[in-house]
Each structure stands twice: as structure tokens, then as C-alpha cells.
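# Structural overview for review
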Amino acid sequence: MNKRDFIKQSALGITGAFMFPEVFKSDPTFQNHVSKMAECSDDRLWESIRSDYQLPKDWINLENGYYCIQPQSLLKAYYKHIERVNSLGAYYMRTEQFSNKTEIASQLAHMAGCSDEELIITRNTTESLDMIISGFPWQSGDEAIVAEQDYGAMLDMFQQVQRRHGIVVKTIQIPNEPMHSQDIVNRYKQAITSNTKLIMACHMINITGHILPIREICDMAHQHGVEVMVDGAHSFAHLDFKLPDLNCDYFGCSLHKWLSNPLGAGLLYIKKNKISKIWPLFAEATTQDSQIARLNHTGTHPVAVDLTLANAMQYYLNIGAQRKEKRLRELQQYWTSAVRGKSRIALQTPSNPMLSCGIANVGIEGISPKALSEMLFEKYQIYTVAIDGKGVQGCRITPNLYTNFQELDCLIKALLKIASSS
């Protein structure tokens, strides 16, 4: 098998093609478009990807961490799914909806490296992880360990469970510049007691981009009989990994972030032997406790979002997981290395390039995060998001594959100019 055929077969799944109804087979333009990406040199690929986006003409978007917009080819595929579902109406919803979602979930599981019996499509990270937190078989006095830097929606759910079931929630602090990975593992380890049942850990902290040693945390926790739930909102389709690499018990993420699917799709992975212990958010009477499908009863929802996952996976896999991770790290290192150590500039992302990837956080001494974000947008036409709390004060910078070095030069010049001003 030559390289081109191997890349195409890998991208299209274990069967060599997405085996769906006509809605997936009727768009050769999209398939030809993404197939060509696998043959591009890196420089040509990034230029091609940038031309595939409809970007603002009067400002630079460096806030892709909330929502990575779709390239136009993927957006057009989404429109076609919407049109077909709309044309068939209730017929589609009653006859094709469920088998299509099951098949797409199977392809997503293949991409993630897990069994299709361990993964479902949800609506976002919050739904995925809150389902685990709320559905865990808690008893009064049980303990959970979280970090201050964890995402607020999940921390809120732990607080609700604490009030409802009388559990104890312990909070640790993750250093922005760790001395070594074992320091982080030890912080979780030191919080474990005989009552500890669950640890929540971010694969990539959303406010700093810090990549945590999840495999080491999971291995340590399992030695103490503790399960681990991983927030992978920013790592999935950002970093090159498979779920078994992490050895976690639960994993949730949003697919509108780094996979660039339309808003409204996420995934939940549960290790097969843990499925039966989780209570569903919405009851599903006809499914056995050991089947993960019993956790996936969410009622009527925008099914075209799920259908587009087939296209989003093609787009991502034809770029290549390793190539995407390398590029995102290159973009981040380009601008952070130019400002790190400069007067008044504080980077709150680890200096070790392997402890972060596309996301980083920067602050300027004497300027609040809100004021800095407003200054960057109003004076320099650069859109970011202010982060002020949890030990982090700065602006989160999240480029995407369409971002070029000229745009990052604008950011560098703006930061140096602001920092040098009185």
C-alpha cells in the first residue's frame, strides 16, 4: 500500500470508507477537497487551510479555545446535512436517525482508539462530565479531588453533589510552572484518603494550556483504588493521543473546539466495566445497565450536527494528528518565545514546550486582564479573552491552523508596545 492510499484508508476508518446512507456519499467535492490535504507539503497545507476559512477582514481572531469555527468546505457539508434532514422531516428522524448516530459514534470511537461500546456522542464537555459527577454512586462521606484550575461547570456540579449527597470535595492547586511532572502527581496523591472515590483532572488546562501528566495520575490513582475522570475539552483533536494511552476511567470533550464540528456535539468515554455504575441523566428504560447507550437519551436534538462529525473527522485525519499538534505548538512557541522574559510580560504557561501546545496565557504587570484584552482589540484589532482568577491573570491566546506568523507578529508587537508604555 502506498502512502497516499494508507492515509486515505486511515482517515476513512477501519472499513476504508464511511459506510453511511446517501447523505454521506453525495458530496465528492468535499471528499476530494480533504483528500488533497494529505498530499500537501506543510507550508502549502497551512496556506490551503487558511484559504478554506472565511475570516474577519478587520481584526485577528486569537480566541479559538471557546469555539473553533468551521472551514468553508466543512460548513457547506453541514448545510447539506441540514437540507436533507429538513427535506425528509419525520421520516428521517424515525427511520435513519439512530442508526446513523450509532455508526458515527463507532467511527469516532475508532478515531479515539476505544471500543464503540465505550463511547457516546453527547452535546458538549459539560454534559459528558456532569453526567459522570451527578450519576456516580456517591455515599455520604465519600471524597472527590479536583483542582482549582478545573472548569467551573464541573466544579459547580461537584458542589451540588456535595450538598445533595454529603460528599467531601478536596481542591488542590496546580502550579503554572511545575518543577517536574511528579510534583503534580504528588499533589493528587497527597490528597487521597481511604474515602477517596474519584479524581477529576484536566488533560489540558483551559486557562493556561498546561498539559498534565494524565497517564501518571491515572496509574497512581488506580494503585489506591481511585477512579479518574479526565476533562479533555482542549486535548481531543489538538494533541496526538488515543484514549487507552491515558488509562483513565472516564473522558469527556467538546467536538466544536479542536475538531471544528458545528456547535452541539461532544463525546463521553467510559471504560466498559464502569458503565453500569453510572446513573443516566435522563432515564432509558429499554437499555441494559451494561450498555453505554442508556446514558445517551437526550430527546430530540439537531441531528445534522452529529452527521457533520463524519466530515469533521475526515478533515482532521487527512491533516494528520501529529502534523496538527506540531503546527499548533509551533504557532504558540513562535509568539511566546518572542515575549518570554521581557520586562513586565508574564507568561502563565509552562516554559517547557512539551507541557503545552496551541494554548498559552500572557499578562502585563500593572494592567488588568480585562483592560489588556480591551486594549488588544480596540487599539490593535486582536481578539482574545481575559482570564482573571484561579491564580491566573492574563489573556488566553488560542491560534488555530489558519493563523499565520504575520498575525502573530502583530500580537508580539502589540504586547511589547503595551509593556514598554508607562
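Residues numbered from 1 in each chain as written. Predicted model: local features only at pLDDT ≥ 70, side-chain atom pairs only at ≥ 80, totals over all residues. Heavy atoms only, no water.

What follows deals with unusual backbone geometry. With a phi close to 65°, A237 is a non-glycine residue in the positive phi region. Relative to the assigned elements, A237 resides in the loop between β6 (227-231) and α12 (243-246). One non-glycine residue, S260, lies in positive phi territory at about 65°. Note on placement: S260 falls in the loop between β7 (250-254) and β8 (266-270). (Helix = DSSP H or I, 4+ residues; strand = E, 2+ residues; numbered from the N terminus.)

Moving on, we get to the packing of helix α5 (residues 72-88) against helix α13 (residues 303-319). Where α5 contacts α13, the two axes come as close as 9 Å, and the packing angle between them is 150°. As summarised for this structure, α5 and α13 are arranged roughly antiparallel, according to the angle between their axes. The crossing of α5 and α13 is right-handed. Contacts from S73, L74, A77, Y78, H81, I82 and V85 in α5 reach V303, A304, V305, L307, T308, N311, A312 and Y315 in α13. Of the residues that constitute the contact of α5 with α13, the class distribution is eleven nonpolar, four polar and no charged. (Axes fitted to C-alpha atoms, helices over the stretch in contact; angles between N-to-C directions. Parallel < 35°, antiparallel > 145°, perpendicular 65-115°, else oblique. Left-handed = near helix turned anticlockwise from the far one by under 90°. Contact = heavy atoms within 4.5 Å. Nonpolar A, V, L, I, M, F, W, Y, C, P; charged D, E, K, R; others polar.)

Here the focus is the sheet that holds strand β9 (residues 345-347). Within a sheet, each strand pairs with its neighbour through backbone hydrogen bonds, oriented either parallel or antiparallel. Pairing within the open sheet is antiparallel, and its four strands lie in the order β9-β10-β13-β12. What marks the edges here is a single partner per strand, and that holds for β9 and β12 (385-389). Put simply, the sheet's adjacent strands are angled 35° from each other on average, direction ignored. Across the sheet, helix α15 (residues 369-380) is in contact with β10 (360-364), β12 and β13 (392-397); its angle to β13 comes to roughly 25°. (Pairing = 2+ DSSP bridges.)

Another aspect to go through is the confidence of the model for the chain. Do not read the predicted coordinates in detail wherever pLDDT is low. Confidence along the chain averages 92 in pLDDT terms, with 93% of residues attaining 70 or more. Taken together, the stretch residues 1-23 has pLDDT below 50 and engages in 36 contacts with residues farther than four places along the chain or on a different chain. (pLDDT = per-residue confidence, 0-100.)

Time to look at the sheet that holds strand β2 (residues 119-122). If you walk across this open sheet you meet the seven strands as β2-β8-β7-β6-β5-β3-β4, and the pairing is mixed. Two strands bound the open sheet, and with one partner strand each, they are β2 and β4 (168-172). Mean inter-strand twist for the sheet, computed between neighbouring axes without regard to direction, equals 20°. In terms of strand pairing, β6 meets β7 through three bridges, oriented parallel. By the bridge assignment, V230 is partnered in β7 with F251. Of the strands in this sheet, β2 and β8 touch helix α7 (residues 97-112), which is tilted by about 115° from β2.

Now for the pattern of salt bridges. Two side chains carrying opposite charge are able to pair once their charged atoms lie near each other. Here the structure, examined in full by the defined rule, presents 18 salt bridges. E117 is the partner of K272 in a salt bridge, and the nearest nitrogen-oxygen pair spans 3.0 Å. Here E117 lies in the loop between α7 and β2 and K272 lies in the loop between β8 and α13, a separation of 155 residues in the sequence. One salt-bridge network, in which partners are shared between bridges, spans E227, K274 and K277. (Salt bridge = Lys/Arg side-chain N within 4 Å of Asp/Glu carboxyl O.)

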